[in-house]
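Here's the letter readout for the chains.
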Amino acid sequence: MKKTVLAFSRITPAMAERLQHDFHVIVPNPKLGDIAAQFNEALPEAHGLIGVGRKLGRAQLEGAGKLEVVSSVSVGYDNYDLDYFNERGIALTNTPDVLTESTADLGFALIMGCARRTAELDAWTKAGHWQATVGPAQFGCDVHGKKLGIVGLGNIGAAIARRGRLGFNMQVLYTGNSRKAALEHELGAQFRSLDELLAEADFVCLVVPLSDATRKLIGARELKLMKPSAFLVNIARGPVVDEVALVEALQEGTIRGAGLDVYEKEPLADSPLFKLPNALTLPHIGSATAETREAMANRAIDNLRSALLGERPQDLVNPQVWKG
Ligand code: DGY
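Residues numbered from 1 in each chain as written. Predicted model: local features only at pLDDT ≥ 70, side-chain atom pairs only at ≥ 80, totals over all residues. Heavy atoms only, no water.

Quick look at the sheet that holds strand β3 (residues 48–51) now. In spatial order, the strands read β2-β1-β3-β4-β5; together these five strands make up an open sheet with parallel pairing. Each edge of the open sheet is held by one strand with a lone partner, namely β2 (24–26) and β5 (91–93). Pairs of neighbouring strands in the sheet enclose a mean axial angle of 20°, with direction left out of account. With four bridges joining them, β3 and strand β4 (residues 69–72) adopt parallel strand pairing. Residue pairing in the sheet places L49 in a bridge with V70 of β4. Lying over the sheet, helix α1 (residues 13–20) contacts β1 (4–7), β2 and β3, oriented at roughly 150° with respect to β2. In this fold helix α12 (residues 290–308) packs onto β1, β3, β4 and β5, with an angle of close to 170° to the strand it touches most, β4. (Pairing = 2+ DSSP bridges. Helix = DSSP H or I, 4+ residues; strand = E, 2+ residues; numbered from the N terminus. Axes fitted to C-alpha atoms, helices over the stretch in contact; angles between N-to-C directions. Contact = heavy atoms within 4.5 Å.)

Following this line, the structure appears as structure tokens:
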């Protein structure tokens, strides 16, 4: 008999079709009523879950007695209670690598967008304000030749650093838990403490996973260390930054601007950030290109399929639970 796979977020018809080759697939459908109720009803029969953007831990999964694997269509896995997964022997998989370049592109789009005020000036142009040659009130600042500070030089951080160094002749500074000798050699990247990096960089780009160690890593104290001319870019996770402190720093000119893709609470609604012209706000689209989302979906399906068919999945987050 086929095992059951339950989706915990929207999945495309193509994904459902691929999964149906091997599994009985349940995709809660808003047209059939409350999504959460459909999910909870199907949960006790599910051997595998697939999706993204939902907190899953003891409270949500207690009724999932047959659950073997959760396949997340994301690289980040801060939504999942790993201790609980380990206790239950539930495997967790993610989708690294395939989104690295697209997410780095978006990080760089935020750097460029903040520096050259693209969203703000787009709105200004469309509002009919362009009646003479622009002046200092519309000027931005250069990106090329500036100092790029990467907080978390993992795969995505390194891809942003390459864009900065090789495309824009930027000096790359980085901080993190370990020195990256190969990237220091390849890009001339220089290691700094977090405080040193904040004080020196023109663009501070956050690319760390969310953990107890990185929650509120950037607060009022850290923002004050930055130069008034500097920009903060966050493509990591919202809670890495104290959002109240950030709003205050943007209002008071402690820093010049921020480019944000992630927020303490998503979707972002009714935020004071919406009133700030020096905050560029995007709706968590780091990996959101058609090509990359398709690659992520396929990688998540491969992981789920392997785990449920008894092969060790490629992207196992908690290998200690794998008994295969
Ligand atoms: C990821 O893959 O972690 C992206 O941020 C989407 O959640």
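Don't stop here, the text continues.
With parallel pairing, the seven strands of this open sheet are ordered in space as β8-β7-β6-β9-β10-β11-β12. Where the open sheet ends on each side, the last strands, each with one partner, are β8 (190–191) and β12 (279–281). Of the strands in this sheet, β10 (231–234), β11 (257–260) and β12 touch helix α11 (residues 243–252), which is tilted by about 140° from β11.

What follows covers the nonpolar core. It is characteristic of soluble globular proteins that their nonpolar side chains tend to be buried jointly. Residues L19, I50, L148, I150 and I160 are the most contacted members of the largest nonpolar core, which totals 53 residues. If near-sequence neighbours (up to four positions away) are discounted, I150 is found in contact with G157, I160, A161, V172, L173, Y174, T175, L197, C205 and V207. Counting 30 residues, the second largest nonpolar core, distinct from the first, contains A201, L223, V241 and Y263. (Core = buried A, V, L, I, M, F, W, Y, C linked by side-chain atoms within 4.5 Å. Buried < 20%, exposed > 50% of the residue type's maximum accessible area, 1.4 Å probe, protein only.)

Our next topic: the site of the ligand. The local shell around the ligand consists of S74, V75, G76, L99, R237, H284 and M296. Within the contact set of the ligand, an oxygen atom lies 2.7 Å away from a backbone nitrogen or oxygen of V75. Here R237 contributes a side-chain N or O atom positioned 2.7 Å from an oxygen atom of the ligand. Here the ligand, which alone exposes 230 Å², has 83% of that area covered by the protein. Along the lines of polarity and charge, the residues of the shell around the ligand split into three nonpolar, three polar and one charged. (Near = heavy atom within 4 Å. Polar contact = N/O pair within 3.5 Å; in protein donor to acceptor, adjacent residues only side chain to side chain. Areas by Shrake-Rupley, 256 points an atom, 1.4 Å probe, with all protein chains shown as cover. Nonpolar A, V, L, I, M, F, W, Y, C, P; charged D, E, K, R; others polar.)

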